[in-house]
Each structure stands twice: as C-alpha cells, then as structure tokens.
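# Remarks on the overall topology
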Amino acid sequence: MVSLQPSSLYSSLTPSNLHNKQLSSKKYAIKSLLQYNRKPQLAGETPRVVVITSGKGGVGKTTTTANIGLSLARFGFKVVAIDADVGLRNLDLLLGLENRVNYTVIEVLNGECRLDQALVRDKRWSNFELLCISKPRSKLPLGFGGKALVWLVDALKDRQDGGCPDFILIDCPAGIDAGFITAITPANEAVLVTTPDITSLRDADRVTGLLECDGIRDIKMIVNRVRTDMIKGEDMMSVLDVQEMLGLPLLGVIPDDSEVIRSTNRGFPLVLNKPPTLAGLAFEQAAWRLVEQDTMQAVLLHEQPKKRGFFSFFGG
Amino acid sequence: MVSTSTLQLHTLSYSRQIAASDVDIRSNLLFDYYGGWNKRNSNCRRIRGFKKYMVRVMTDSLGGGGEEDTKGNQDTQIVVAQNEKKELSKLQSLVGRLEDTIISLPPITVLMKRNPGGSFGIGLGIVTMFLLMLVKGYVARQKKNSQPGSVADLVRRGQLKSDRRGISSSLKYEDPFNNPMVKVSKGNSTVEMCGKVYKLAPVTLTQDQQAIHQKRRSRAYQWKRPTIFLKEGDPVPPDVDPDTIRWIPANHPFATTSSEIDEDLAQTNVYQKHGVPFRIQAEHEALQKRLESLQNDEKLGKLVIDPGTAREYERPYRSHSKVEDPHEETPTNGQAGLKPPRSDNDLNSLPKKPSSEETKKPEAKKP
C-alpha cells in the first residue's frame, strides 16, 4: 500500500525489472545483485531544463542543486548546473569548484571565451559541469538575461564534443526580481524548495503562481529541513500539512541534518559522503524520482522507537 | 657469570665425589647444563629418581642380608653401612646444592652464548620488517596523493580537515531505495534509514486537489513575465505590452548596468563552438592594424629606443638595412642604442628632428 520505491510506469517496465521478477523466485543473491545494478529510467525529452527555486532565501536551493546534480551525475546522466544567481553565486563553493571558475557567461557573451571554456568539469564525476552566470562584481545586462540563458540552453543542446546534456539544472536566486525572471525563462519544469514554516510557504505559493502564469506546469516540491521530533511534538507542520497547503506533488523530503552544514563548508556535497547521511540519502531518492518523473507515495511521519528484541537486555 | 662458574665448580666436585660408576648422571648433568630452561625440570626429576634409587639400593643392601652371613661379617657390614650412610648424606646434600644451582641458572644468556649468530638473525628480521612497513606506508601515501580532486586534494586546499578524512571518501552504490542503509518493512508501514525507524504515511493529494490549487493561484496571481526592463522615466516603446514591462528604480543596482554588448553579437558568441573568441580576435586584429598603420606611417622609429632590437620586429626595413649598412648590426658599445642610427636617416622615413624624449634620455643617463 505505502511505498517509498518509485512506482512509475517507466521503472516497472524496464528490462532489468522484468528480469528481476523472473529471477526473484530463484536465489536471493542473484536478485540483490541485479537490483544493485538498477538505474533510473530517464523520462521526458532531453535536455530537461529544471529550475530550482523557492522565493524565500536560505531554504536550501543551492544545496539542493548541488546534491541533486551530483546524484544525477552518479546515476550516469550528463548534467550541467547553471548558477543563475548573478550577484551572490554560491554553487561553486558548495561543489568545491570555486578555484576553477575562470570564465563565466558574461565572458562568453562578450566574446572573451567560448562556452566550452566557461564550463567547469567536476573531476569527481566527469559528467557534471558547472556554469556560472557572472563573477560577483560583474553585472549581467538586464535587457537580455533571459534570452542569454535560452541561447545557452540551445548551444548546450547542439554540443558535439561532450554531447547534449540530459539535465540542465538552474539554481535560481531568491526573490522574484530580474534574477528570478532570467532563471525561469528557459525552464520546462521546476523544483520548488520549501521548509515547513509559514514564511517559506507563503513565498513558495506565490512563486508557484508566477511559474504557472509563465507556463511552467510541471512543478514538484522538496520539503527541506524536516524535523520529525518537532512534528511529533506538533511544533512543526508535517509534510502532509505542507502538501495540503500548496497542493504540489512531492519530489522529496529532506530531514534536518547537521552534516549539511559540514559538507557545505567542506565543498564536498552530501551525497558523496561515506557513510551516507540521512539527508544525503533523501537527496538521492529525490534525484531518482526526478529522473523518472515520479513523486513520493509515502512520507516520513515521525521517528519510531526501535523494537527491542528478546536479547536486547543482554545487548543483543 | 658467577652462577655459571659456581655451577662448573659444583659439577666438578660432584663428579669427583660420585666416582666413575656415575658417568651417566654426570653426562646428564652436563647435558642439563647446556640444555634449556624447559629441560631443567625434567632433569631435576630424573636426578631425584636417581637419588631414590640409590637410597633404595643402599637400604636393600643394608637390610637384604641372608641368615647364612656370619656375625664377624655383620660387624664389618655395620661399619661399612655407617660409612656409606655418611657418604649418602653427603651425596644428597651435594645433589640438593646442585639442584639449587641449576634452578638459579639463567638459560637465555646461556643460549645467546651458545648461538651468537641467532641474535644477528633476529635483529636482521626486525630491521627488515621495519623497512617493509616504511615502504608500505610510503606507497600507500603516494597512492592517496596521486588522485586529483580526491580527499587528499581537498585537505591540501584546506576545505577538509585531515582528521575527518574517513567520512569523505565517496560512496558507491547505485540504488538509493535498495541499499544497506534503507530498509522498508514488509508491511510498508515503516522505513529504517541510517539506523532510525520512521513511520510512513501515504500521500493523499489527488489530481482534483491539485487542479483546485492551480485555479486558486491563477486567480490570486495575475502575472506576465517581463520582457523589457525600463528605468523610471524612460519612454515606453510602441510595440511593447505594458504588462510585460519591469520598471526599475533609477537607483537600483541593475538600473546602473549599462549593456555595452550588442545582442546579436552576444548570440553569435554563445553559439561559437570553435576558433578564437570574438573579443580576443578583435583585439588581436586591432593591434595588428595599429602596428601596420604605424609601419605604413613610418612612425615606428619614434617609439624605438634601441634600434638594434626594433629591427628584429621591423621585417621590411631589416633587409634594406642589412644590404646598405651591415656594420650597424654590431653595436659598438652599450650606448649604441641611444644614438640615433644612421640607417634611419638613410631611409629618409623618419623625421629629422629627434623627439624630446630621445634627446632627454641620454642626457639624463649620463653621470
């Protein structure tokens, strides 16, 4: 009845899954091996241009972009992450690539470098590339900020050497000003990041309205910084409450995790951590659903006390 | 050393006392002397057994006489027996001292003395093992440092503390729903993630509810994406929808941005895949044109302080100068460049009067 597993049509019809079903009755070892090699089935036309937005600042847009981007790259998809925050870019810091950003889109527009020179390839996962719109002090001309991103997406589509990317993730700046307009212009779908508090929800609702007015209908929601202990104590809205208020399908629920800050400061995204963290796993699951255009069928309510076994008294 | 010497003395006295019939015991003792600590106890036991045997023999010999023996013989036997008893007691005390000496013997020292090559072998083994450990550590460190973009690289960049390196090696699993960290219960009511069990609840949002929310938002937010940004006070272009204009205050940071980039040119720049970027090429061409124009106007000599070096860049004139005056190739002294060369005058391309800079510089450099 309730399942965390992706339940989309694409995943259920993949050859590997059919093979799984055939082999499931034989040996457990073979089944687990096949499932380990399972990969998400890419749905929709490529490149999928996804804008990650929120309205309110500080809810985790850039963290989400970095982690979902690297998760997608780890799944084997070609990803280009565009930091569309003109004045206050941070995506390069989160990815640990700040020392390698020499050229930005501004230099590309000015003809000081080509687009392929402005793309920063991540050495950890070579199918992940970063593109910054501008350096902190330079300013993007307002007149064609949106158009420039559309050209960029077109140019990335026509790439011959590296191939067309499967995903173009655009990290949107906070607010609904010129930066927001620039970021959403080339997007086909949106991921709305929100936290379970009323300020964030109000902004998220407004941004969703603007996105819908702009013609972006495929909007999914990530609820970030969820604390199950506070939900249990009725001090925080539950994820289901948030969903009821916004009426958006859920892409993921990210628990509040101190590892997020640690990974941010280290420039080492959470999803690469070993051992995996709770938030890192949740980001990976969200990335999986994004690939398959799937949504959550069940959400985490609260933490349950672990059942103690008969030998627990003896430390078992 | 002291104990060893005493042992030797005791063995000698022992051998002297016991006489030739006890060759076996002496050989045993000598064997014990050179033997190890493990053999010592067993040999002690053997000596004790021998002692008992001797006593038994003595007592047998004392009490085992027949009735056929005469009384005269009995007297002599008694005397002999008393002497033998004395000797036996002496022997017992000697054996006891010998036992104590053997117990106090340090056998490892003896072993080391016996096999002087063994210690060298052990030392060599320890040194070899230590060297192997060092080499292994060095190789492992080299392997770790060789990967670019690795954790070691992050540590070098200062983004990662070296004491937290353990948690930063990248994870390699491919399915976030099926791995050792995520376990969904059989009834799909709970999920265990990272050792914590969470209760699950089904999502109840329906398509109808989503549509209702969309309608609500479409009523609440009437919005058109701005296509043009105008500063306050700018005239509205005639073919622009007023709803798509974003008015920016004059003091807004965006309003102060002047776009010097031509839109069409910017588009071609973005689409450029190969070759030299536009701006770089344009700057290069502009410099080349300037150089050419300078060459055409023959104003190059004005800029040149050292004509010897300038001539290397001045190809058309270089051949002429070589033909006309080959001596100018070799500067006479360090100030050769300071003098206006004759070739320049011969070419009739430069103005006769030297510039003010050229005249001033040599004077200034003179002491």
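Nothing here was measured: the structure is a model prediction, and the numbers come from that model.

## Describing the pattern of salt bridges
If you walk through the whole model with that rule in mind, you get 16 salt bridges over all chains. The partner of A:Asp205 in a salt bridge is B:Arg217, with the nearest N and O atoms 3.1 Å apart. Here B:Arg217 lies in helix α8 (residues 207-220) and A:Asp205 lies in helix α10 (residues 198-213), a pairing that spans two chains. For A:Asp218, the salt bridge goes to A:Lys220, with nearest N and O atoms at 3.1 Å. Linked by salt bridges that have partners in common, A:Asp205, A:Glu212, B:Arg216 and B:Arg217 make up one network.

## As for the confidence of the model for chain A
Confidence in the prediction of chain A, expressed as mean pLDDT, is 81, and 82% of residues score 70 or more. Contacts of residues 7-37 of chain A to residues separated by more than four positions or lying in other chains number 29 contacts, the stretch itself having pLDDT below 50.

## Re the sheet that holds strand β2 (residues 190-193) of chain B
Across the sheet, which stays open at both edges, the 4 strands sit in the order β9(A)-β3(B)-β2(B)-β1(B) with antiparallel pairing between neighbours. Edge positions in the sheet fall to β9 (298-304) of chain A together with β1 (182-184) of chain B, since each has one partner strand and no second. With direction set aside, neighbouring strand axes in the sheet form an average angle of 30°. Pairing between β9(A) and strand β3 (residues 196-202) of chain B: 5 bridges, direction antiparallel. Following the sheet pairing, A:Leu300 is matched in β3(B) by B:Leu200. Sheet contacts for helix α14 (residues 278-292) of chain A: β1, β2 and β3 of chain B; angle to β2(B), the most-contacted strand, approximately 120°.

## Structural notes on a nonpolar patch on the surface
All names here are of chain B. Taken together, Val127, Phe130, Leu131 and Leu134 make up a surface patch of nonpolar side chains, about 400 Å² in accessible area. Structurally, phenylalanine 130 can be placed in helix α6 (residues 116-146). With relative accessibility at 51%, the residue phenylalanine 130 sits in the exposed group.

## What about the packing of helix α8 (residues 145-157) of chain A against helix α9 (residues 263-271) of chain B?
If you want to describe how two helices pack, look at the angle between their axes and the distance between the axes. Contact geometry for α8(A) and α9(B): axes closest at 9 Å, N-to-C directions at 25°. The angle between α8(A) and α9(B) falls in the class roughly parallel. Note on packing geometry: the crossing formed by α8(A) with α9(B) is right-handed. Touching A:Lys147, A:Trp151, A:Leu152, A:Asp154 and A:Ala155 of α8(A) are B:Glu263, B:Ala266, B:Gln267, B:Val270 and B:Tyr271, all from α9(B).

## Topic: the packing of aromatic side chains
Residues and elements named next belong to chain A. Within this structure, the stated rule accounts for 3 aromatic pairs over all chains. Judged by centre distance (5.9 Å) and plane angle (75°), the rings of phenylalanine 77 and phenylalanine 167 are edge-to-face. Taken together, the residues span a long stretch of sequence, with phenylalanine 77 in the loop between α4 (61-74) and β2 (79-83) and phenylalanine 167 in strand β5 (residues 167-171) at a distance of 90 residues. Residue phenylalanine 77 is classed as buried on the basis of its relative accessible area, which comes to 10%. Taking the relative accessible area as the measure of exposure, phenylalanine 167 reaches 0% and is therefore buried.

## Thoughts on the side chain of A:Thr208
Residue placement: A:Thr208 occurs in helix α10. If near-sequence neighbours (up to four positions away) are discounted, A:Thr208 is found in contact with A:Leu192, A:Ile219, A:Leu248 and B:Arg217.

## Quick word on the nonpolar core
Core analysis: the biggest nonpolar cluster contains 62 residues, and A:Leu109 and A:Phe180 have the highest contact counts within it. The biggest single contributor to this core is α8(A), with 7 residues. In this structure, A:Phe180 is in contact with A:Thr53, A:Cys172, A:Pro173, A:Gly175, A:Val207, A:Leu210, A:Leu211 and B:Trp223, ignoring residues within four places of it in sequence. Counting residues in hydrophobic clusters, the runner-up holds 43 residues, among them A:Val101, A:Leu251, A:Phe268 and B:Phe177.

## Brief notes about the pairing of β2(B)
All names here are of chain B. Pairing geometry for β1 and β2, over 3 bridges, is antiparallel. Considered in β2, the bridge of lysine 183 is made with glutamate 192. Between the antiparallel neighbours β1 and β2 lie 5 residues, among them asparagine 188 with a positive phi of about 55°. Between β2 and β3, which pair antiparallel in sequence order, lie 2 residues; one of them, cysteine 194, sits at a positive phi of approximately 55°.

## Examining the UniProt feature "binding site: ATP" (unreviewed entry) in chain A
Residues and elements named next belong to chain A. If you check UniProt for "binding site: ATP" (unreviewed entry), the listed places come out as Lys56, Gly57, Gly58, Val59, Gly60, Lys61, Thr62 and Thr63 in our numbering. Mapped onto the secondary structure, glycine 58 falls in the loop between β1 (48-53) and α4. Residue position: lysine 61 is located in helix α4. Lysine 61 gets classed as buried once you look at its relative accessible area, which sits at 8%. Only 3.1 Å separates the side chain of lysine 61 from the backbone oxygen of lysine 56, close enough to count as a polar contact.

The rules we used
- Residues numbered from 1 in each chain as written.
- Chains lettered and ligands numbered in written order.
- Predicted model: local features only at pLDDT ≥ 70, side-chain atom pairs only at ≥ 80, totals over all residues.
- Heavy atoms only, no water.
- Salt bridge = Lys/Arg side-chain N within 4 Å of Asp/Glu carboxyl O.
- Helix = DSSP H or I, 4+ residues; strand = E, 2+ residues; numbered from the N terminus.
- pLDDT = per-residue confidence, 0-100.
- Contact = heavy atoms within 4.5 Å.
- Pairing = 2+ DSSP bridges.
- Axes fitted to C-alpha atoms, helices over the stretch in contact; angles between N-to-C directions.
- Patch = residues over 30% accessible without salt bridge, like charges linked within 9 Å, V, L, I, M, F, W, Y side chains within 5 Å.
- Areas by Shrake-Rupley, 256 points an atom, 1.4 Å probe, with all protein chains shown as cover.
- Buried < 20%, exposed > 50% of the residue type's maximum accessible area, 1.4 Å probe, protein only.
- Parallel < 35°, antiparallel > 145°, perpendicular 65-115°, else oblique.
- Left-handed = near helix turned anticlockwise from the far one by under 90°.
- Phe/Tyr/Trp six-rings, centres within 6.5 Å; stacked < 30°, edge-to-face > 60°.
- Core = buried A, V, L, I, M, F, W, Y, C linked by side-chain atoms within 4.5 Å.
- UniProt positions renumbered as here; feature names shortened; annotations may be inferred.
- Polar contact = N/O pair within 3.5 Å; in protein donor to acceptor, adjacent residues only side chain to side chain.

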